[in-house]
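In case you want the letters, here they are:
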Amino acid sequence: AQTVTQSQPEMSVQEAETVTLSCTYDTSENNYYLFWYKQPPSRQMILVIRQEAYKQQNATENRFSVNFQKAAKSFSLKISDSQLGDTAMYFCAFIPYNTDKLIFGTGTRLQVFP
Amino acid sequence: DVKVTQSSRYLVKRTGEKVFLECVQDMDHENMFWYRQDPGLGLRLIYFSYDVKMKEKGDIPEGYSVSREKKERFSLILESASTNQTSMYLCASSLRGADTQYFGPGTRLTVL
């Protein structure tokens, strides 16, 4: 079975600090996409960052970057210079190339405090 | 920007009622999805559709059905609502295949 594990149900970080959210996954597929989604309190789920498994270079989007370790099946999200608006639930997900089904982890609730 | 809208943000229904949740996307996406979100369980796929009138079961289809008569609209139907269907329901769409999915704001359904 293909699974995604987020081992940190809750995390907190002080404003302007850096935090890393962990994600591991299990699949026998070689080609797939990986995603981090953000769901702010009572607001819409939005895409934070996307990584293609065949690309060795880690994806970055402004203050958000990933550490993709394909052999270890690890896909962590680093948030630099944390802001109050980063407070949200973060979901890690992956989808093999040959399917339409996105597989989600159980989420990490991140609280950024002043 | 992709826009995915859902007909209601909050809905309260009684056990046994038939419930319709509507989702509309404006980007001509082929794929549309219905998920259920529960604390500690993440998002679980109920049904998805890859074309008009086409549908496939997800991981938890029991108690649900779907309808896709037009490309932009995907409906989730609870034939006879039960209290264990109280949850947050999220709709999503993607262009095709393994492309990025874009989500609607969600409908929080309470079944009394």
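Below, the structure is looked at part by part. (Residues numbered from 1 in each chain as written. Chains lettered and ligands numbered in written order. Predicted model: local features only at pLDDT ≥ 70, side-chain atom pairs only at ≥ 80, totals over all residues. Heavy atoms only, no water.)

## Description of the overall build of chain B
Convention followed: The numbering of helices and of strands both runs from the N terminus, where a helix is a DSSP run of H or I of at least 4 residues and a strand a run of E of at least 2. The globule rule is 2.2 Å times the number of residues to the power 0.38, and the radius of gyration it is compared with is taken over C-alpha atoms. Note on exposure labels: buried denotes an accessible area under 20% of the residue type's maximum, exposed denotes more than 50%, and partly exposed covers the range between, all computed with a 1.4 Å probe on protein chains only. Accessible surface is estimated by sampling points in the Shrake-Rupley manner with a 1.4 Å probe; for residues, cover comes only from the protein chains shown. The convention is simple: Lys and Arg are positive, Asp and Glu are negative, and His and the chain ends are not counted. Charge coordinates come from a single atom per side chain, which is NZ of Lys, CZ of Arg, CG of Asp or CD of Glu.
A count of helical and extended segments in chain B gives zero helices and 11 strands. For chain B, the sequential pattern of α-helices and β-strands runs β-β-β-β-β-β-β-β-β-β-β. Its C-alpha atoms give chain B a radius of gyration of 13 Å, near enough to 13 Å, the size a compact globule of 112 residues would have. C-alpha atoms of chain B, sized along the principal axes, occupy 35 × 25 × 25 Å. Buried positions account for 50% of the 112 residues belonging to chain B. In the structure as shown, chain B presents an accessible area of about 5400 Å², 49% of it carried by carbon and sulfur atoms. Taken as two groups, the 16 positive and 15 negative side-chain charges of chain B have centres that lie 6 Å from each other.

## Structural notes on the state of the cysteines
Here a disulfide denotes one covalent bond, and it connects the sulfur atoms of two cysteines. Threshold: Only a pair of cysteine sulfur atoms within 2.5 Å qualifies as a disulfide here.
Inspection of the entire model under this criterion finds two disulfides over all chains. The side chain of Cys23(A) participates in a disulfide bridge whose partner is Cys92(A); the two sulfur atoms lie 2.0 Å from each other. Given an S-S torsion of about -70°, the disulfide between Cys23(A) and Cys92(A) has left-handed geometry. Of this pair, Cys23(A) sits in the loop between β3 (19-21) and β4 (24-26) while Cys92(A) sits in strand β10 (residues 88-96), and the two are 69 residues apart along the sequence. Its relative accessible area of 2% is what places Cys23(A) among the buried residues. For Cys92(A), a relative accessible area of 1% corresponds to the buried category. Two residues share a disulfide in this structure: Cys23(B) and Cys91(B), whose sulfurs sit 1.8 Å from each other. Between Cys23(B) and Cys91(B), the disulfide has an S-S torsion of -75° and is therefore left-handed.

## Side note on the packing of aromatic side chains
For any two aromatic rings, the description comes down to two numbers: the centre-to-centre distance and the angle of the planes. Rules: Any two rings among Phe, Tyr and Trp, with Trp reduced to its six-membered ring, count as a pair given centres within 6.5 Å; such a pair is stacked if its planes are under 30 degrees apart, edge-to-face if over 60, and tilted if neither. Placement of a positive charge over a ring is assigned whenever Lys NZ or Arg CZ falls within 6 Å of the ring centre and within 35 degrees of the normal to the ring plane.
Taken as a whole, this structure holds 17 aromatic pairs over all chains when the rule is applied. An angle of 35° between the planes, with centres 4.9 Å apart, marks the rings of Tyr33(A) and Tyr97(A) as tilted. In this pair, Tyr33(A) is assigned in strand β5 (residues 32-39) and Tyr97(A) in the loop between β10 and β11 (103-104), connecting sequence segments 64 residues apart. Residue classification places Tyr33(A) among the buried residues on the basis of a relative accessible area of 14%. Taking the relative accessible area as the measure of exposure, Tyr97(A) reaches 30% and is therefore partly exposed. One aromatic cluster is present, built from ring pairs that chain together Tyr33(A), Phe35(A), Tyr37(A), Phe91(A), Tyr97(A), Phe104(A), Phe33(B), Tyr35(B), Phe48(B) and Phe103(B). The ring of Tyr33(A) carries the charged tip of Arg50(A) above its face, separated from the ring centre by 4.0 Å.

## Section: the nonpolar core
Residues and elements named next belong to chain A. Quick note on the threshold: In this text, buried Ala, Val, Leu, Ile, Met, Phe, Trp, Tyr and Cys residues form a nonpolar core when linked through side-chain atoms within 4.5 Å.
Among the nonpolar cores identified, the biggest contains 26 residues, and Tyr25, Trp36, Phe75, Leu77 and Tyr90 are the most heavily contacted of them. Among the secondary structure elements, those contributing two or more residues to this core are β3, β5, β6 (46-52), β8 (64-69), β9 (74-79), β10 and β12 (108-113). Ranked by residue count, the leading element in this core is β10, at four residues.

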